[in-house]
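Architecture and fold: a report
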Amino acid sequence: MSSITGRKPIRDGKMCSPDTIVVQDIETPVEEKKKQLPGSSVWETFFSWGVYYLHINPVMKIIYYIITLLIFSLMKESMDIPHFEILTGKQSVLNKMFVKKGWGITCVVFVLYQLVSLTLHTKWKASLKKLLVRAVATTFFFFIWCAVIFQLIENYTQACTYRNIRFELTKKECHNKADHVYHSFDISGHSYLLTYCVLIMMEESKEIVYFLCLRRYLRGAHEDTVEEVSLPVLEAKEAKRMTLRLTILSPIVVIVFMCVVLLCLLWDFMLIVTTIYYHTFLEKVIGTTLAVSMWYMLYRRSFLCIFRYNIFNS
């Protein structure tokens, strides 16, 4: 392209809808499209589906979690569902390798995705400050609930009984004793963690919309097709540099984004497993409710207020 002249400033805080850009991402004139082979590749189809999957209305996602919690908890109470140890057991690879380290994996993936995407921003320092705040805050509220508060509640309510006689034994000691039964109010850390992780990655993955709109913008899309995204105002030389940078980084952005999609799919599957096989209904409701509350407090309230200060925009 010859140049990108100054465009009128675009309001921050708005994004293109995936409905208007995903299918049109590889935009070419109508005449050129007719010359192309029909159909999309498997990767393009999966990528487009991934954008829709992660950018579903959060309210609809929360309703889905509530419905599945009710249905599968009822199934758990009304019938004996057999375990498939390789997938649903406590010692399964999915549980030990992924869920036990769930927040660490989630944090690494979404931070890596954001760091790669930052290089496509002209004001990357301001975006980096916001990313650091989000990473620290989300990690804190994972740790304070899952590693501290839930554990304190379980320790306070735990009891080990044998023939209706209570013994002062730890959870591990009680399980190692034959015919001893361990009781506690164990708020579902899995329900909290998995719901929390998916909702956070849904928020962090919205950066893909900027990537798609920037791609169309640099390819000469009309201004009115990308006017709801805060895109940089670029001169000719800057546009050439950004185009080169975008060409180099596009495969990396897409690959990391696909990792985000696959991880969310895994967390949704493991959440279903937790709902069917583990914890009481109340323990799962409290865990899920706290996760949704923390997401709402952080991404719908706290971050919006904090990031208004000039220190995060300079």
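Below is a summary of the structure that appears in this document. Predicted model only: the values in this text are computed from it and were never measured. (Residues numbered from 1 in each chain as written. Predicted model: local features only at pLDDT ≥ 70, side-chain atom pairs only at ≥ 80, totals over all residues. Heavy atoms only, no water.)

1. Some points on a nonpolar patch on the surface
The grouping of Ile56, Val59, Met60, Ile63, Ile66, Ile67, Leu70, Ile71 and Phe281 at the surface amounts to a nonpolar patch, some 780 Å² of accessible area in total. Among the elements that make up the nonpolar patch, the one with the highest residue count is helix α4 (residues 58-78) (seven residues). Relative to the elements of secondary structure, Ile71 occurs in helix α4. (Patch = residues over 30% accessible without salt bridge, like charges linked within 9 Å, V, L, I, M, F, W, Y side chains within 5 Å. Areas by Shrake-Rupley, 256 points an atom, 1.4 Å probe, with all protein chains shown as cover. Salt bridge = Lys/Arg side-chain N within 4 Å of Asp/Glu carboxyl O. Helix = DSSP H or I, 4+ residues; strand = E, 2+ residues; numbered from the N terminus.)

2. Let's talk about the packing of aromatic side chains
Where two aromatic rings form a pair, the distance of their centres and the angle of their planes describe that pair. The final tally for this structure, using the stated rule, is 16 aromatic pairs. Aromatic side chains Phe140 and Phe141 sit 5.1 Å apart centroid to centroid with 85° between the ring planes, which places their arrangement in the edge-to-face category. Its relative accessible area of 44% is what places Phe140 among the partly exposed residues. Here the aromatic cluster, defined as three or more aromatic residues joined through ring pairs, consists of Trp103, Phe110, Phe142, Trp145, Phe150, Tyr192 and Tyr196. (Phe/Tyr/Trp six-rings, centres within 6.5 Å; stacked < 30°, edge-to-face > 60°. Buried < 20%, exposed > 50% of the residue type's maximum accessible area, 1.4 Å probe, protein only.)

3. A short note on the state of the cysteines
Two cysteines form a disulfide when their sulfur atoms are joined by a covalent bond. As enumerated under the stated definition, the model contains zero disulfides in all. Not engaged in a disulfide, the cysteine Cys197 finds its nearest cysteine sulfur in Cys146; these two sulfurs lie 8.5 Å apart. (Disulfide = S-S within 2.5 Å.)

4. A look at the sheet that holds strand β2 (residues 165-167)
Pairing within the open sheet is antiparallel, and its three strands lie in the order β2-β1-β3. Each end of this open sheet is capped by a strand with a single partner; those strands are β2 and β3 (181-183). Sheet twist, expressed as the average angle between the axes of neighbouring strands with direction ignored, equals 35°. Sheet topology places strand β1 (residues 159-162) next to β2; three bridges connect them, and they run antiparallel. Note that in β2 the partner of Tyr162 across the bridge is Ile165. (Pairing = 2+ DSSP bridges. Axes fitted to C-alpha atoms, helices over the stretch in contact; angles between N-to-C directions.)

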